[in-house]
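Notes for the structure review
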Amino acid sequence: MELKLSKPICFFDLETTGIDIGKDRIVEISIFKVFPNGNKESKTWLVNPTIPIPAQTTAVHGITDEKVANEPTFNELASQVHNMIKDCDLGGFNSDRFDIPLLAEELLRAGVDFDMKNSVSVDVQTIFHKKEERTLSAALKFYCGQDLENAHSAEADTMATYEILKAQLERYPDLQNDMRSLSEFSTRKKIADFAGMISFDKEGNEIFSFGKHKGVKVDTVLEREPGYFSWIQNADFPLYTKKVLTAIKLRKLNTK
């Protein structure tokens with residue numbers, strides 16, 4: 001089964017220095033782009049993260065400081081990466097919770113104003129977990145009857161994710177073959193920022209999802225405690241969270 005696409009979708013995977021979205025960096029990125037007419041293109045980059053890669057992380061993906069020492073930094077690659085994914089939907093494995101938030105941080109850090117206002121994301125892991133509760137390797141074996149070779153290689157993981165999504169559509173007739181429906185199904189919780197620090201209540205109002213104002217409407221906090229905005233902007237929060245919060249504040253000012 002092929003995907004029914006209204007726009008290109010980019011399946012992508014990151015290998016990184018760790019799992020802290022705000023602090024860790026990309027060491028490898030692979031993008032597999034599928035067009036509505038069936039054409040495909042792929043690109044994989046090794047990336048110099050400019051910070052040391054911890055030994056325990058290298059043990060997972062096999063990428064050492066020496067291997068990426070002479071590779072371009074993400075700042076140098078940002079425009080190429082953004083040009084490949086802009087105006088596209090995004091697909092990945094655990095991408096909503098990790099890959100997209102971390103990629104957004106890297107792009108914003110490089111001066112690229114990344115957002116997904118006109119795109120959707122499809123998290124194949126969420127579909128898998130809602131249906132079967134397994135890992136990427138088990139998913140490929142379960143859906144496609146294949147063993148995942150070179151696991152934790154960004155390119156291998158990316159291609160496996162693409163094949164799994166197609167097989168999921170074959171297996172589950174109730175899954176609709178369009179990216180918006182798949183995005184809705186694979187979304188665990190509706191959030192305003194990638195890191196999940198600002199979510200929505202039942203009425204669709206933005207609320208804080210952390211700290212002393214957890215569950216309180218953002219507009220209310222900004223009005224009652226203006227210093228909270230400045231604290232977040234100056235603290236070690238994800239750049240995209242700060243961007244979303246700024247947009248909410250500006251929206252409120254413009255409605256006065």
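Residues numbered from 1 in each chain as written. Predicted model: local features only at pLDDT ≥ 70, side-chain atom pairs only at ≥ 80, totals over all residues. Heavy atoms only, no water.

**Thoughts on the overall build of the protein**
How we decide: Going along the chain from the N terminus, every DSSP run of H or I of four or more residues is numbered as a helix, and every run of E of two or more is numbered as a strand. Using C-alpha atoms as the atom set, the radius of gyration is obtained and then compared with a globule rule of 2.2 Å times the number of residues to the power 0.38. Only protein chains enter the calculation, and the probe is 1.4 Å; a residue is then buried if its accessible area is under 20% of its type maximum, exposed if over 50%, and partly exposed in between.
Regarding its fold elements, the protein presents 11 helices and seven strands. Whereas a compact globule of 256 residues would reach a radius of gyration of roughly 18 Å, the protein reaches 19 Å, a difference of no more than 12%. Reported as C-alpha extents along the three principal axes, the dimensions of the protein are approximately 55 × 50 × 30 Å. Burial statistics for the protein: of 256 residues in total, 50% are counted as buried.

**Describing the domain arrangement of the protein**
Let me state the cut-off plainly: Where each domain starts and ends follows an automatic or database-derived domain assignment. Note on contacts: a residue pair qualifies if any of its non-hydrogen atoms lie within 4.5 Å across the two residues. When two parts are brought into contact, each loses some accessible area as probed by a 1.4 Å sphere; the total of that loss over both is the buried area. Salt-bridge detection follows one rule: a side-chain nitrogen of Lys or Arg within 4 Å of a carboxyl oxygen of Asp or Glu. Within 3.5 Å is the distance limit for a polar contact, defined as a pair of N or O atoms, with the added protein rule that one can donate a hydrogen and the other accept it, and that residues adjacent in sequence qualify only through two side-chain atoms.
Each domain of the protein was delimited in the assignment, giving domain 1 (9–128), domain 2 (136–186) and domain 3 (198–255). A separation of 18 Å is found between the C-alpha centroids of domain 1 and domain 2. Between domain 1 and domain 2, the residue contacts involve 25 residues of the former and 23 residues of the latter. Between domain 1 and domain 2 lies a buried interface of about 2,200 Å² when both sides are counted; carbon and sulfur atoms form 70% of it. On the surface where domain 1 and domain 2 come into contact, there are zero salt bridges. Our enumeration of links across domain 1 and domain 2 arrives at five residue pairs in polar contact (both at pLDDT 80 or more). Contributions of two or more residues to the side of domain 1 that touches domain 2 are made by strand E1 (9–16), strand E2 (26–34), strand E3 (40–46), helix H1 (55–61), strand E4 (89–92), strand E5 (121–123) and helix H5 (124–131).

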